[in-house]
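# Structural description and commentary
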Amino acid sequence: MSQPLAERLRPRTLDDYIGQKHLVGEGAVLRRMIESGHISSFILWGPPGVGKTTLAQIIAHRLETPFFTLSAVTSGVKDVRDVIEKAQKGRFFNERSPILFIDEIHRFSKSQQDSLLGAVERGIVTLIGATTENPSFEVIRPLLSRCQLYVLKPLEKDDLLQLLQRAVTTDAELKQRQIELKETGALLRYSGGDARKLLNILELVVEATPSSQPVVLSDDVVVARLQQNPLAYDKDGEMHYDIISAFIKSIRGSDPDAALYWMARMIEGGEDPQFIARRMVISASEDIGLANPNALLLANAAFDTVMKIGWPEARIALAEACVYLATSPKSNSAYLGIDDALAVVRQTGNLPVPLHLRNAPTGLMKQLGYSDGYKYPHDFPGHFTAQQYLPDELKDRRIWHPQHSPSEQKLYERMIACWGKRFEK
């Protein structure tokens, strides 16, 4: 039986690798690391079909070092320990550490990830993890701190077209067919930056065309082949990202009907309920914020409920949170405020803390003026007194700008009462 097209075209060298120039292009960080022969543990984070597994295999081939693979879907703690033991026994003095590649590392439980720590710390194995989920949420902090994180991007249009040309001109089986690339718009759109999906669609169109006929790749043909199952939901592919985008934008746009619909699409497609709950927590902070601070509490409660009671009952808590978020007033002032603050920090660097705000635990520090002149707000009427809290260079800088909602208006009015003209700007 023939291998799938995506497997037949899997690159074997960096020169054949398509995309991710920011990581593997000339002079880029991963290419320099690979060419030096010294690989440290790292995690590859990016959507499906962008070359995470391929990159790990290229590294192993280039370094000619033992290469172990585990899938987090099928492997347990025992499997991890068995591989570590094999790596330790098979390693010779001064030989490079074997590479342990773990696909979908976000699916590993805390105990499974804990079992990796010692081996990574002692250099028994060099860990390469691949994940489609944010490692900040899915990988334990001690393991994450011992790995570099590299972000892979969806393939761009030119990358996908290059891959398509390579497929029809170099693959032994496709070269036997007469293939005409009449239109590629639908193919690229449905691929969504996913190389594997692009090749799977191409293969589907080729196999659906009688061998006696030429293969004409057009937008109509691609749409006809893919819409035979209109309810399909690939939770690891392009539609996954489109639907979660529609879900979040429906909440942001205050449309509870649309938000419930897109959530139902995810549920019917087998999406992880924790993923849905996590995105609602983010939306509560980013899009609703101070206009209704209770939204974050309810979103967190829904997340907690999902973890405690599981499926299918957790769908009710998700629906409650979904409707509440969609119908809440909206404000992104906190989101914009922290981004503005980060930009200020990056522009101005490590500005000194004003002396009166510094802690003075020792006599010497007091002699140097630390904490001198600080006014304790609780000693004043209304528990407030005006004094400078920002560094001298930024003392008049505004960062948080309130928006128009009843809840936030009250906060704004209090700031004007406290600070006067500073907040009237």
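The following paragraphs examine the structure supplied in this document.

Rules used throughout
Residues numbered from 1 in each chain as written. Predicted model: local features only at pLDDT ≥ 70, side-chain atom pairs only at ≥ 80, totals over all residues. Heavy atoms only, no water. Axes fitted to C-alpha atoms, helices over the stretch in contact; angles between N-to-C directions. Helix = DSSP H or I, 4+ residues; strand = E, 2+ residues; numbered from the N terminus. Parallel < 35°, antiparallel > 145°, perpendicular 65-115°, else oblique. Left-handed = near helix turned anticlockwise from the far one by under 90°. Contact = heavy atoms within 4.5 Å. Nonpolar A, V, L, I, M, F, W, Y, C, P; charged D, E, K, R; others polar. Patch = residues over 30% accessible without salt bridge, like charges linked within 9 Å, V, L, I, M, F, W, Y side chains within 5 Å. Areas by Shrake-Rupley, 256 points an atom, 1.4 Å probe, with all protein chains shown as cover. Salt bridge = Lys/Arg side-chain N within 4 Å of Asp/Glu carboxyl O. Buried < 20%, exposed > 50% of the residue type's maximum accessible area, 1.4 Å probe, protein only. Pairing = 2+ DSSP bridges. Expected span 1.5 Å × (residues − 1). Arc of directions from axis to C-beta. Core = buried A, V, L, I, M, F, W, Y, C linked by side-chain atoms within 4.5 Å.

### Some points on the packing of helix α15 (residues 273-288) against helix α17 (residues 314-327)
Contact geometry for α15 and α17: axes closest at 11 Å, N-to-C directions at 20°. On the basis of their axis angle, the class for α15 and α17 is roughly parallel. As for the relative orientation of α15 and α17, their crossing is left-handed in sense. Residues Pro273, Ile276, Ala277, Met280, Ala284 and Ile288 of α15 lie in contact with α17, whose contacting residues are Leu318, Ala321, Cys322 and Leu325. Split by residue class, the contact of α15 with α17 holds 10 nonpolar, no polar and no charged.

### Re a nonpolar patch on the surface
A cluster of nonpolar side chains, contributed by Tyr374, Tyr376 and Tyr389, occupies part of the molecular surface with about 310 Å² of accessible area. According to the relative accessible area criterion, Tyr374 is partly exposed, its value standing at 36%.

### Some remarks on the sheet that holds strand β2 (residues 67-71)
In spatial order, the strands read β2-β3-β4-β1-β5; together these five strands make up an open sheet with parallel pairing. In this open sheet, the two edge strands, each paired with only one partner strand, are β2 and β5 (148-151). Sheet twist, expressed as the average angle between the axes of neighbouring strands with direction ignored, equals 20°. For strand β3 (residues 99-103) and strand β4 (residues 126-131), the ladder comprises five bridges, and the chain directions are parallel. Residue Leu100 lies in a different strand from β4, and its bridge partner there is Leu127. Of the strands in this sheet, β1 (42-45), β2, β3 and β4 are in contact with helix α4 (residues 52-63), which crosses β3 at around 170°.

### Quick look at helix α18 (residues 333-348)
The first and last C-alpha atoms of α18 sit 22 Å apart over 16 residues, in line with the 22 Å expected at 1.5 Å per residue. Buried within α18 are the following residues: Ser333, Gly337 and Val344. Here the buried residues of α18 occupy an arc of 35° about the axis, which is enough to place them on one side. Turning to α18, the residues buried within the fold contact α20 (406-419).

### What about the nonpolar core?
The biggest cluster of nonpolar side chains holds 26 residues, and the ones touching the most others in it are Phe247, Ile276, Met280, Leu318 and Leu325. For this core, the secondary structure elements donating two or more residues are α13 (238-252), α14 (256-268), α15, α16 (294-309) and α17. In contact with Phe247, other than residues within four places in its own chain, are Ala259, Trp262, Met263, Met266, Ile276, Met280 and Cys322. Residues Ala6, Ala167, Ala186 and Val222 belong to the second largest nonpolar core, which totals 25 residues.

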